[in-house]
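# A closer look at the structure
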Amino acid sequence: VQLQASGGGLVQAGGSLRLSCAASGRTFNFRDYGSGWFRQAPGKAREFVSAISRGGGMTDYADSVKGRSIISRVNAQNTVYLEMKSLKPEDTAIYYCAVRANNGLGLTSSAYDYWGQGTLVTVSS
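### Looking at the sheet that holds strand 8 (residues 79–84)
- Strand order in the open sheet formed by 4 strands is 1-3-8-7, with antiparallel pairing between adjacent strands. Looking along the sheet, the strands with just one partner apiece sit at the ends: strand 1 (2–6) and strand 7 (69–74). Along the sheet, successive strands turn relative to each other by an average axial angle of 15 degrees, direction set aside.
- Pairing between strand 7 and strand 8: 6 bridges, direction antiparallel. In the strand pairing of strand 8, valine 74 is matched with threonine 79.

If you want it as structure tokens, here you go:
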């Protein structure tokens with residue numbers, strides 16, 4: 001399974017970004033995997049940002065991004081998205097997407113089976 005995250009970049013505080021994560025694999029069926037986004041700021045541990053169930057019917061967000069972010073997925077395109085608005089300097093981090101074979105929402109790193117390489121988001125003040 002390969003996960004390719006994209007959409008990061010430099011944005012001013014108050015701005016918006018949409019991150020994408022495209023999944024692929026020879027025998028990989030994206031519909032069978034829940035998805036999540038995590039982030040890691042410099043000098044800090046990786047933290048949960050958001051998760052979405054296999055069918056997209058369940059979502060969850062970290063308190064730090066709740067109300068400012070929307071996670072979604074298009075199973076036909078093997079892609080999961082994270083839209084973030086009202087960005088703050090503290091949102092600066094490398095954002096990682098991940099997928100998990102189990103049903104439900106994964107809120108910890110250990111719940112995920114495969115990880116992408118990350119995309120850098122830098123929010124300037």
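After that view of the structure, there is still more to cover.
### A few points about unusual backbone geometry
- A positive phi is found at asparagine 78, a non-glycine position, where the angle reads about 55 degrees.
- With respect to the secondary-structure elements, asparagine 78 resides in the loop between strand 7 and strand 8.
- Even without being a glycine, serine 86 presents a positive backbone phi close to 50 degrees.
- For serine 86, the location among the structural elements is in the loop between strand 8 and strand 9 (93–100).

### Describing the state of the cysteines
- A full pass over the atoms with the stated rule returns 1 disulfide.
- Each sulfur of the disulfide joining cysteine 21 and cysteine 97 lies 2.0 Å from the other. Judged by the sign of its S-S torsion, about 60 degrees, the cystine formed by cysteine 21 and cysteine 97 is right-handed. On the criterion of sequence distance, the pair formed by cysteine 21 in strand 3 (residues 17–24) and cysteine 97 in strand 9 is long-range, its members being 76 residues apart. Just as cysteine 21 is buried, cysteine 97 falls in that class too.

### Quick notes on the packing of aromatic side chains
- Across all of its chains, the model carries 7 aromatic pairs by this definition.
- With a centroid separation of 4.7 Å and an interplanar angle of 50 degrees, the aromatic rings of phenylalanine 28 and tyrosine 33 are classed as tilted.
- Taking relative accessible area as the criterion, phenylalanine 28 reaches 12% and is therefore assigned buried.
- Assessed through its relative accessible area of 15%, tyrosine 33 is described here as buried.
- Consider the rings of phenylalanine 38 and tyrosine 112, whose centres lie 5.3 Å apart with planes at 80 degrees: the pair is edge-to-face. Remark: tyrosine 112 occurs in the loop between strand 9 and strand 10 (114–115) and phenylalanine 38 occurs in strand 4 (residues 34–40); sequence separation between them is 74 residues.
- Relative accessible area serves as the criterion here: at 1%, phenylalanine 38 is assigned to the buried category.
- Taken together, the ring pairs in this structure connect Phe28, Phe30, Tyr33 and Tyr114 into an aromatic cluster.
- Seen from the ring of tyrosine 96, arginine 46 lies directly overhead, with NZ or CZ sitting 4.0 Å from the centre.
- Its end group placed over the ring of tyrosine 112, arginine 100 keeps NZ or CZ at 5.9 Å from the ring centre.

What counts, and where the lines are drawn
- Residues numbered from 1 in each chain as written.
- Predicted model: local features only at pLDDT ≥ 70, side-chain atom pairs only at ≥ 80, totals over all residues.
- Heavy atoms only, no water.
- Pairing = 2+ DSSP bridges.
- Helix = DSSP H or I, 4+ residues; strand = E, 2+ residues; numbered from the N terminus.
- Axes fitted to C-alpha atoms, helices over the stretch in contact; angles between N-to-C directions.
- Disulfide = S-S within 2.5 Å.
- Buried < 20%, exposed > 50% of the residue type's maximum accessible area, 1.4 Å probe, protein only.
- Phe/Tyr/Trp six-rings, centres within 6.5 Å; stacked < 30°, edge-to-face > 60°.
- Lys NZ or Arg CZ within 6 Å of the ring centre and 35° of its normal.

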